[in-house]
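Spelled out from the first residue to the last, the chains are:
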Amino acid sequence: MKKIAFILLLAILTSVNGIAQEINWVTFQEALELQKKTPKKIMMDVYTNWCGPCKMLDRNTFQKKEVADYVNEHYYAVKFNGEGNESVNYKEKTFSNPNYNPANANRRNSAHDLARYLQISAYPTIVFFDDKGEVIAPIRGYQKPSQLELYLKMFKNDDHKNIKTQDEFNAYYKAFVSNFKD
């Protein structure tokens, strides 16, 4: 009887802990339109289908409750395939991927023109935009929740505007207290 109760308790705890949180992802076009009605910054996850660290970012960071709640409250979240085939209008230009090969949809493909415009050179890259759609900064590589929290809060609060040197960023980084669990 004790074994059954223990197994049942373990199953409940595992299932509660395993519930994924959802970020409200929108397209870049939708985010830019939403900004016109309700100004918020944009967090764009630039990924590819073949990228292992991109999948880890989805699973280990974006599905954490603290991350999802914070992003949903303070940002418009965009998922953008850096080697995808969609057309995107940004800054009165249309960006596409003219060399896209459908046969390579899940392998390395041609870089999307928007990814080139944003100077994306690695995946994943999280690009932050201000509330007027201007690029703040791209953050390259996999980010654990506590690492991403620093950028989410720094850009949300416009603290980056007061950081002019690497030493000032290092001081900000050292003083930052993370509330997100990895």
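Description of the structure in this document.

What counts, and where the lines are drawn
Residues numbered from 1 in each chain as written. Predicted model: local features only at pLDDT ≥ 70, side-chain atom pairs only at ≥ 80, totals over all residues. Heavy atoms only, no water. Pairing = 2+ DSSP bridges. Helix = DSSP H or I, 4+ residues; strand = E, 2+ residues; numbered from the N terminus. Contact = heavy atoms within 4.5 Å. Axes fitted to C-alpha atoms, helices over the stretch in contact; angles between N-to-C directions. Core = buried A, V, L, I, M, F, W, Y, C linked by side-chain atoms within 4.5 Å. Buried < 20%, exposed > 50% of the residue type's maximum accessible area, 1.4 Å probe, protein only. Polar contact = N/O pair within 3.5 Å; in protein donor to acceptor, adjacent residues only side chain to side chain. Salt bridge = Lys/Arg side-chain N within 4 Å of Asp/Glu carboxyl O. Expected span 1.5 Å × (residues − 1).

Let us now look at the sheet that holds strand β3 (residues 75–81). In space, the five strands of this open sheet follow the order β1-β3-β2-β6-β7, with mixed pairing throughout. The sheet is open, and its two edges are formed by β1 (25–26) and β7 (135–140), each paired on a single side. As paired elements, strand β2 (residues 41–47) and strand β6 (residues 125–129) share five bridges and run antiparallel to each other. Looking at β6, one finds that Val-46 is bridged to Thr-125. Its contacts with the sheet put helix α2 (residues 28–37) on β1, β2, β3 and β6, and the angle it makes with β2 is roughly 175°. Against the sheet, helix α6 (residues 145–156) contacts β2, β3, β6 and β7, and its axis sits at roughly 15° relative to β6.

Further remarks concern the nonpolar core. The biggest cluster of nonpolar side chains holds 23 residues, and the ones touching the most others in it are Met-43, Phe-62, Val-71, Tyr-75, Phe-128, Leu-152 and Phe-155. Looking at this core, the elements with two or more residues in it are α3 (52–62), α4 (65–74), β3, β6, β7 and α6. The biggest single contributor to this core is α6, with six residues. Once residues lying within four places of it in the same chain are set aside, the contact partners of Phe-62 are Gln-21, Ile-23, Trp-25, Met-43, Asp-45, Leu-57, Val-67, Ala-68, Lys-79, Ile-126 and Leu-148.

Within the secondary structure, Asn-81 is located in strand β3. We classify Asn-81 as buried; its relative accessible area is 13%. Polar side-chain contacts of Asn-81 include one of 2.9 Å to the backbone nitrogen of Glu-83.

Counted by the stated rule, this structure contains 10 salt bridges. In this structure, Lys-41 and Asp-158 form a salt bridge, with 3.2 Å as the shortest nitrogen-oxygen distance. One end of the pair, Lys-41, is in strand β2; the other, Asp-158, is in the loop between α6 and α7 (166–175), and 117 residues separate them in sequence. Beyond isolated ion pairs, a larger network of salt bridges with shared partners links Lys-41, Asp-158 and Lys-161.

Once that is clear, we can look at α6. Taking 1.5 Å as the rise per residue, α6 with 12 residues should run 16 Å; its terminal C-alpha atoms sit 16 Å apart, in good agreement. For α6, every residue scored as buried is listed here: Pro-145, Ser-146, Leu-148, Glu-149, Leu-150, Tyr-151, Leu-152, Lys-153, Met-154 and Phe-155. Note on α6: the residue one or two positions beyond its end, Asp-158, has a positive phi of about 60°.

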